[in-house]
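This is what each chain is made of:
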Amino acid sequence: MHMHFTRDVYSGVSIFQLNFFISFRESSHECLDDIPPKVPNNDTLPTLDLDANKDNSNLKPISKYRKGLPQFLATSAVYLNLFDMGMALGFPTIMLPAVQSGNDSVTFTPDQASWFASLMFIFQPAGSLISSLILGWLGRKNTLILINIPYFFVWVTIHLSETVYILMICSIVLAVNIGYLETPAINYVGEISTPKLRGILTSYSAPIIYMGIIFEFILGKLFDWRTVALINSTIPILTIAAMIQIPESPMWLLSKGRNDKAKSALCWLRGWVKPELILTEFKYLINYKEVSSERIQNYDFS
């Protein structure tokens, strides 16, 4: 009965924490949208019709299915990171009952078990801070690829660990990784998707995390916690392999002056099409970048 109670407590804490951060993110965006930027009158963005092809009327329009498929594939690759995040959130629930039973090579006292679970939440803000500092420098894609390296090693370390303190350090690393992930993942999906798909693609980030938690619980029913940690270590490898196949965010590339790479990325994301078919949207993105930069420079923070 104690094991079932522990499982319910830790899974409940994980889901509560996820809902809190998702609600906080959405409310923060709403607050930012309410701030009226003070810009010159001529800094207005044109209306963009992504289904129109004003530059090349003789070219066949891109079908919505062809345009949507690469966005779905890119989003799926990115959300593998969130799936691993869900697995990390669910891991204490399957590990702690085992290490408190006295039948494992590592034994936790109740206080140590409490600290192990708590550390996974205490250090999450550190991951968010690190992510925010390097996101603009490395780019969305590379920021997400980078985090999978410590993810892989921490899962292998947990699998091999024989001491309480090594497991505590692993809990801290997992916490930093969890805090690190959400911002670049949501940023990437928001920047690469068209307005019609953006809401759908960004909204299923939370279900992916829940799927990771549930998958971890299923693994916990089938295997011991060390084997589960070893299985978890395969997800970062799969994630890196998937992330390498997708392009960087065109908006980030434009912000760094890499216009040619941004155009190539946009061609990939709109259905592996020729540059002529995305000229309207590409010009809009360039204009958006210029206007956004001028808004930041002219904004009155007083």
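As the structure is a prediction and not an experimental result, all values here were calculated from the model.

(A) Fine view of the layout of surface pockets. Of the volumes computed, that of the second largest pocket is approximately 160 Å³. Taken together, Lys141, Asn142, Pro247, Glu248, Trp252, Leu253, Arg258, Lys261, Ser264 and Ala265 make up the full set of residues lining the second largest pocket. Sorting the residues of the lining of the second largest pocket by element identifies α5 (140-160), α11 (250-255) and α12 (259-269) as the ones contributing at least two each. Looking at the lining of the second largest pocket residue by residue, the classes come out as four nonpolar, two polar and four charged.

(B) Focus on the nonpolar core. Val78, Phe91, Phe108, Tyr151, Trp155 and Ile158 are the most contacted members of the largest nonpolar core, which has 57 residues in total. For this core, the secondary-structure elements that each account for two or more residues are α2 (64-99), α3 (110-122), α5, α6 (164-192), α8 (205-222), α9 (225-232) and α10 (234-244). The element contributing the most residues to this core is α2, with 15 residues. Here Tyr151 is in contact with Asp84, Met85, Ala88, Leu174, Asn177, Ile178, Leu181 and Pro236, once residues within four sequence places are set aside. Core analysis: the second largest hydrophobic core is formed by 13 residues, Trp252, Leu254, Ala265 and Leu285 among them.

(C) Quick look at the side chain of Thr202. Its place among the elements puts Thr202 in helix α7 (residues 195-203). Polar side-chain contacts of Thr202 include one of 3.3 Å to the backbone oxygen of Gly199. Contacts of Thr202, omitting those with residues within four sequence positions, involve Tyr79, Ile186, Val189 and Gly190.

(D) Just the UniProt feature "transmembrane region" (unreviewed entry) in the protein chain, in detail. Mapped onto this structure's residue numbering, the UniProt feature "transmembrane region" (unreviewed entry) falls at residues 72-95, 115-139, 151-180, 200-220 and 227-246. The span residues 115-139 is 92% helix and 0% strand, and its two end C-alpha atoms sit 34 Å from each other.

(E) View of the pattern of salt bridges. In the structure shown here, the tally under the stated rule is four salt bridges. Glu191 is paired through a salt bridge with Arg140; the nearest N and O atoms lie 2.8 Å apart. In this pair, Glu191 sits in helix α6 while Arg140 sits in helix α5, placing the two residues 51 residues apart along the sequence. You can call Glu191 partly exposed: its relative accessible area is 24%. Measuring nitrogen to oxygen at the nearest pair gives 3.7 Å for the salt bridge that ties Glu162 to Arg226. Taken together, the positions of Glu162 in the loop between α5 and α6 and Arg226 in helix α9 put the pair 64 residues apart, joining distant regions of the chain. Under the relative-accessibility criterion, Arg226 is labelled buried at 12%.

(F) Summary view of the packing of aromatic side chains. Scanning all chains against the criterion turns up six aromatic pairs. Where Tyr79 meets Tyr204, the ring centres are 5.1 Å apart and the plane angle is 90 degrees; that geometry is what we call edge-to-face. Residue Tyr79 is located in helix α2, and its partner Tyr204 is located in the loop between α7 and α8; the two are separated by 125 residues in the primary sequence. Taken individually, Tyr79 and Tyr204 each receive the classification buried, so the pair is uniform in this respect. A ring pair is formed by Phe83 and Phe215, whose centres lie 5.6 Å apart and whose planes are at 45 degrees; its orientation type is tilted. Placement of Phe83 in helix α2 and of Phe215 in helix α8 is noted, with a sequence separation of 132 residues between them. Take Phe83: its relative accessible area is 16%, and that puts it in the buried class.

The rules behind these values
- Residues numbered from 1 in each chain as written.
- Predicted model: local features only at pLDDT ≥ 70, side-chain atom pairs only at ≥ 80, totals over all residues.
- Heavy atoms only, no water.
- 1 Å grid on protein atoms, 1.4 Å probe; cavity = no way out; pocket = protein on both sides within 12 Å on 5 of 7 lines; lining within 4 Å.
- Points joined across faces, edges and corners; volume = space filled by probe spheres on them.
- Helix = DSSP H or I, 4+ residues; strand = E, 2+ residues; numbered from the N terminus.
- Nonpolar A, V, L, I, M, F, W, Y, C, P; charged D, E, K, R; others polar.
- Core = buried A, V, L, I, M, F, W, Y, C linked by side-chain atoms within 4.5 Å.
- Buried < 20%, exposed > 50% of the residue type's maximum accessible area, 1.4 Å probe, protein only.
- Contact = heavy atoms within 4.5 Å.
- Polar contact = N/O pair within 3.5 Å; in protein donor to acceptor, adjacent residues only side chain to side chain.
- UniProt positions renumbered as here; feature names shortened; annotations may be inferred.
- Salt bridge = Lys/Arg side-chain N within 4 Å of Asp/Glu carboxyl O.
- Phe/Tyr/Trp six-rings, centres within 6.5 Å; stacked < 30°, edge-to-face > 60°.

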